[in-house]
Amino acid sequence: MSRETYVTEAIGDVYQRIKTARVLMVGAGGIGCELLKNLVLTGYGEVHLVDLDTIDLSNLNRQFLFGHEHIKKSKALVAKDTASKFNPHVKLVAHHANIKDPQFSVTWFKSFDLVFNALDNLDARRYVNRMCLTAEVPLIESGTTGFNGQVQVIVKGKTECYDCNPKEVPKTFPVCTIRTTPSQPIHCIVWAKSYLFSNIFGIDEDESPDLDNSVNADNASEIDNLKRENTELKHIKDAFGTSEFPRLVFEKVFKIDIDRLLSMEDAWKHRKAPVPILYDELQLVADAEVKKSAAKVAADDQPVWSLAEDFVVFKDSVERLSARVLELQKNMPEGSARPVLSFDKDDDETLDFVVAAANLRSQVFGIERKSKFEIKQMAGNIIPAIATTNAIIAGICVLQSFKILNNDLAHAKAVFLSRQPERIFSTESLQPPNPDCAVCSVARCSIEVDVDRLTLGNFVERILRGELGYSDELSIVTNKLLYDLEFDDNVYKTFKELDVGDGTFVTIIDEEEPEGSTPRVNLEFLVYAKESTDDMDSSYKLTYIPEIPRRPMPKRIELAKEEGVVEAVPFGIGNGSVLAGQKRKAEDDELVEVSSMDAKKSKVQTGDEDVIVLDDDEAIEID
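Residues numbered from 1 in each chain as written. Predicted model: local features only at pLDDT ≥ 70, side-chain atom pairs only at ≥ 80, totals over all residues. Heavy atoms only, no water.

## A word on the environment of P519
Counted only if it meets this: Working definition: helices are DSSP H or I runs of at least four residues, strands are E runs of at least two. Numbering for both runs from the N terminus.
In this structure, P519 sits in the loop between β13 (505-510) and β14 (523-529). Sequence separation between P519 and E473 is 46 residues; the distance between their C-alpha atoms is 10.0 Å.

## Regarding the pattern of salt bridges
Cut-off, in case you're wondering: In the sections that follow, a salt bridge refers to a side-chain nitrogen of Lys or Arg positioned within 4 Å of a carboxyl oxygen of Asp or Glu. Note on classification: 1.4 Å probe, protein chains only; a residue is buried when its accessible area is under 20% of the maximum for its type, exposed when over 50%, partly exposed between these limits.
Summed over the entire model, instances satisfying the criterion amount to 29 salt bridges. Salt-bridge contacts for R247 lead to D280; the nearest nitrogen and oxygen are separated by 2.7 Å. Residue R247 is located in helix α10 (residues 245-262), and its partner D280 is located in helix α11 (residues 279-289); the two are separated by 33 residues in the primary sequence. According to the relative accessible area criterion, R247 is partly exposed, its value standing at 22%. Its salt-bridge partner being K480, residue D499 comes within 3.9 Å of it at the nearest N-O pair. Of this pair, D499 sits in the loop between β12 (481-483) and β13 while K480 sits in the loop between β11 (474-477) and β12, and the two are 19 residues apart along the sequence. Judged by its relative accessible area of 61%, D499 falls in the exposed class.

## Topic: the packing of aromatic side chains
Cut-off, in case you're wondering: Here a pair means two rings of Phe, Tyr or Trp (six-membered ring of Trp) with centres within 6.5 Å. Their orientation is stacked below 30 degrees between planes, edge-to-face above 60, and tilted elsewhere. Remark: a charge is flagged as sitting over a ring if the NZ atom of Lys or the CZ atom of Arg is within 6 Å of the ring centre and within 35 degrees of the ring normal.
Scanning all chains against the criterion turns up 21 aromatic pairs. Seen in terms of ring centroids, F104 and W108 are 4.7 Å apart; in terms of plane orientation they differ by 45°. Their pairing is tilted. Stacked on the ring of F112, the Lys or Arg R22 has its end atom at 4.5 Å from the ring centre. The residue whose ring lies beneath R361 is W191, and the NZ or CZ to ring-centre distance is 4.3 Å.

## Some remarks on the sheet that holds strand β9 (residues 425-429)
Quick note on the threshold: Here, strands pair whenever DSSP counts at least two bridges between them. Convention adopted: a line fitted to C-alpha atoms gives each axis, helices being fitted over their contacting stretch, and angles between N-to-C directions are expressed from 0 to 180 degrees. Contacts: residue pairs with any heavy atoms within 4.5 Å of one another.
Strand order in this open sheet of eight strands is β3-β2-β1-β4-β5-β6-β8-β9, and the pairing throughout is mixed. Strands at the two margins of the open sheet, each flanked by one partner only, are β3 (91-95) and β9. The average undirected angle you get between the axes of adjacent strands in this sheet is 15°. Where strand β4 (residues 114-117) lies against strand β5 (residues 139-145), three bridges are found, and the strand directions are parallel. Looking at β5, one finds that N117 is bridged to E141. Together, β2 (46-50) and β3 form the strand contacts of helix α4 (residues 75-83), whose direction differs from that of β3 by roughly 165°.

## Comments concerning helix α16 (residues 387-405)
As a reminder of what qualifies: A helix is expected to span 1.5 Å multiplied by its residue count minus one.
End to end, α16 covers 27 Å across 19 residues, agreeing with the expected 27 Å (1.5 Å per residue, within 8%). Within the span of α16, buried status applies to T389, N390, I393, A394, I396, C397, V398, Q400, S401, F402, I404 and L405. Directly beyond the C-terminal end of α16, a positive phi value near 55° is found at N407.

## Structural notes on the packing of helix α8 (residues 185-202) against helix α13 (residues 307-330)
This is how it is decided: For this classification, Asp, Glu, Lys and Arg are treated as charged, while Ala, Val, Leu, Ile, Met, Phe, Trp, Tyr, Cys and Pro are nonpolar and the rest, including Gly, are polar.
Two elements in contact, α8 and α13, have axes whose closest approach is 11 Å; the angle formed by their N-to-C orientations is 40°. Mapping the contact onto sequence places L196, F197 and F201 in α8 and F314, V318, L321, S322 and V325 in α13. Tallied by class, the residues present in the contact of α8 with α13 amount to seven nonpolar, one polar and no charged.

## Describing α4
Here is the rule we go by: It is the directions from the helix axis to the C-beta atoms that the arc portrays. Each polar contact in these results corresponds to two N or O atoms within 3.5 Å; when the atoms are within protein, one needs to be able to donate a hydrogen and the other to accept it, and residues that are neighboring in sequence are counted only if both atoms are side-chain atoms.
Turning to α4, its buried residues number three or more, namely K75, A76, V78, A79, T82 and A83. Buried residues in α4, looked at end-on, bunch into an arc of 170°, giving them a common side. In this structure, the buried side of α4 is in contact with α3 (30-42), β2 and β3. Taking the backbone nitrogen of A76 as reference, a side-chain oxygen 3.3 Å away marks S74 as the first, capping residue of α4.

Here you go:
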């Protein structure tokens, strides 16, 4: 019997649609590996997968498409090569890239019948949700945390979108960010604790990854890098316990590895590149500036140490930990593997190493350094992801996809997985869109813009006020506030100067409150960059004049009207927003970063006792 016979018997006529379906899978991590396997074995005609991350040793316990020989390689490319062996009739296309890159435009999204999210951070999930709404492509969203998981079907105009329900803003950090593109202190802390400490003091050298010696046109350069890194690692471990050991570790992680990251030029097109640290230069600074011993520096846990003090403590902690390992080894039978150490935030030697290494890495990436006291509080406990949860959720994603392709949305469900023995699965019927959602309950329009010529002021006067009839009371946001009635610093800047280019979403928030009515819903422009011309009249082109309805009247206002009571209620702009009727504080006049979905976002207070959780879809979460 052929493979198709069994699938056809199991799922019926929908299999004919599956064979011709073109689907996109975003994320090739814990859920992504399981999901790709399911899609390929089911027989989906064409599957595109996008992931920017590379494979790390810590991935191998649950991401079964990868092996030791794949360490440091692209997840997307390796997943494609491995999964293609399961079913050679499926066309697999891998993209080692960020899903937010301009190449993945709305037009590109529109080419798919269905999109699967297997992502590891809130921002990317929201971005794909927004792109699918704009492209009008069904999305199956998924996520896991320990033994819990959920699957949500999202169809524009028919179901809730990912942002329809307010979400707390969690401190969630993808592992790929921690390893290669950190942007916050916690990224560097987790890197120092879970990556560097484990690799130097916590992993037996016999467990070093093997090299994949097969060379082809696609991986020849990566093979050379792997060989070089393997040689460097062996050289470092050969010097374990010697006076040169701290220098070798330092130069490997703060110079050699950073140089390799800098060679990935595409990764730094839209973010600040790291700056390597030179051992000898920092040694000279430390000799001149640090008058206390490393032990006295480390004992003072309240101030943020200087870079030179971090350097001194790093060297000292490496020497102390090395000596501890060698002392333990003396008491072991001859020929035994080198003993390993475990991080303990109450162990000063391991904590000193993590603090110094984290702060040095923060320096490399231009991130704020933290005190020993703060880092001790943030280090917390890392709870690993659970492979079984990922596998279950991935299976549910594919089951829900059958209903989408069969145009049977009425039977699609939101599915929740928990560890409750009496009810492992719970389901809910798909809910209609939230009329107050700032993401899906908006008007949409695309606009062609000469980004070199069109200024924000012209955009406001000629398009928003002139053609669309907006009043002076409006705000304009992208991932930051560009304009409102009390903030007009950018009116003479061009779109290009404001980083508004091809594929950028620009949201217009109506803040006028007509008597007896409500503001209009948000208007979301999708910008397409056009060729530059000398004619200002041709610096933009609206695809059409959109209809912009009014927001629903809040129930309490309707009730007040029925009772003859006039109640002044300011209108917000969506989940987690500042109310549009409020006057902004003076400090709000700066170009503050805001979520593209939440527009103006209020700060979220967190407790002092933070616990780091390794989310099942590869996220570090502060709970």
